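# Structural overview
These are the residues of each chain, in order.
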Amino acid sequence: MTGTHGARIRPATRSDVGPIDAVETAAFGHEADHVRPLVHALRKTEASVLELVAEDDDGELIGHVMLSRGWLDAPASLVTVRVLSPLAVAPDRQRQGIGRRLIEHAVEDSEEAFSPAVFLEGDPRYYAASGFAPASSRGFRSPSTRIPEPAFQVRTLTAYEPWMTGTLVYPEAFWATDTVGLRRRPLP
């Protein structure tokens, strides 16, 4: 088994589609029936801005993260932001820092693109270690009441300004694939 130092992070390519589907299936189980269609739908739209994979020393794909374009419906104007979803790591490679490395690469790319914030739905116990915080406490409103308040999270970046508050608007692919809101288990 290779530790986090042996995992290489790189942009996804067309030849990664099958292995990405396999990682999503292994990581999400029955929920992959929602996640895979989301990934495929996002790839077909202009909302997709970044897709990264992690591979081990043998070239096996062991992780995947995707960033898409979302919008913040702020009082002053519509602000383009990023949405991190999905994040998946092969179950036998979890707890090795691979997911956090994928997140950090995605956040670095967002920072370089002058995105003011990255939003996600997920377990706050996991994402807090990567600098994400409850979005509602920062003046942001969830795009759906199906998202448990603790799961709606944000990491603001250098381009963020205090007037940038309001409701997050997901790209159409999230709604078309019914992937808004956590389905797996309730958060504590």
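Each remark here, short or long, concerns the structure printed above.
Here goes a summary of the coordinates provided.

## As for the overall build of the protein chain
If you tally the helices and strands in the protein chain, you get 5 helices and 9 strands. In the protein chain, the succession of α and β elements from N to C terminus is β-α-α-β-β-β-α-β-α-β-β-β-β-α. Here the protein chain has a C-alpha radius of gyration of 16 Å; the compact-globule value for 188 residues is 16 Å, and the two agree. Overall, the C-alpha framework of the protein chain stretches about 50 × 35 × 30 Å when taken along its three principal axes. In the protein chain, the 20 positive side-chain charges and the 25 negative ones have mean positions that sit 3 Å from each other.

## Remarks on the packing of aromatic side chains
Per the stated rule, a full pass over the model turns up 7 aromatic pairs. The interplanar angle of 15° and the centroid separation of 5.8 Å between the aromatic rings of phenylalanine 119 and phenylalanine 152 together place this pair among those described as stacked. Linking phenylalanine 119 in strand 5 (residues 117–121) with phenylalanine 152 in strand 8 (residues 152–156), this pair joins segments that are 33 residues apart in sequence. Of the two residues, phenylalanine 119 and phenylalanine 152, both sit in the buried class. A centroid spacing of 4.4 Å and a plane angle of 15° characterise the contact between tyrosine 170 and phenylalanine 174, whose relative ring orientation is stacked. No difference in accessibility class separates tyrosine 170 from phenylalanine 174, as the two residues are buried. Here the aromatic residues Phe119, Phe140, Phe152 and Tyr160 are joined through ring pairs into a cluster of three or more.

## As for the environment of proline 148
Structurally, proline 148 can be placed in the loop between strand 7 (140–141) and strand 8. Separated by 27 residues in the primary sequence, proline 148 and glutamate 121 have C-alpha atoms spaced 8.5 Å apart.

## Things to note about a negative patch on the surface
A grouping of Asp57, Asp58, Glu60 and Asp92 is seen on the molecular surface, where their side chains present a negatively charged patch. You can see aspartate 92 is positioned in the loop between strand 4 (78–89) and helix 3 (98–112).

## Notes on the packing of helix 1 (residues 17–28) against helix 2 (residues 32–43)
At a minimum axis separation of 9 Å, helix 1 and helix 2 run at an interaxial angle of 150°. Where helix 1 crosses over helix 2, the two elements pack in a sense that is right-handed. Residues Val17, Ile20, Asp21, Glu24, Thr25 and Phe28 of helix 1 touch helix 2, and the partners they reach there are Ala32, Val35, Arg36, Val39, His40 and Arg43.

Scoring rules and cut-offs
- Residues numbered from 1 in each chain as written.
- Predicted model: local features only at pLDDT ≥ 70, side-chain atom pairs only at ≥ 80, totals over all residues.
- Heavy atoms only, no water.
- Helix = DSSP H or I, 4+ residues; strand = E, 2+ residues; numbered from the N terminus.
- Rg over C-alpha atoms; globule rule 2.2 N^0.38 Å.
- Lys, Arg positive; Asp, Glu negative; His and termini not counted.
- Charge placed at Lys NZ, Arg CZ, Asp CG, Glu CD.
- Phe/Tyr/Trp six-rings, centres within 6.5 Å; stacked < 30°, edge-to-face > 60°.
- Buried < 20%, exposed > 50% of the residue type's maximum accessible area, 1.4 Å probe, protein only.
- Patch = residues over 30% accessible without salt bridge, like charges linked within 9 Å, V, L, I, M, F, W, Y side chains within 5 Å.
- Areas by Shrake-Rupley, 256 points an atom, 1.4 Å probe, with all protein chains shown as cover.
- Salt bridge = Lys/Arg side-chain N within 4 Å of Asp/Glu carboxyl O.
- Axes fitted to C-alpha atoms, helices over the stretch in contact; angles between N-to-C directions.
- Left-handed = near helix turned anticlockwise from the far one by under 90°.
- Contact = heavy atoms within 4.5 Å.

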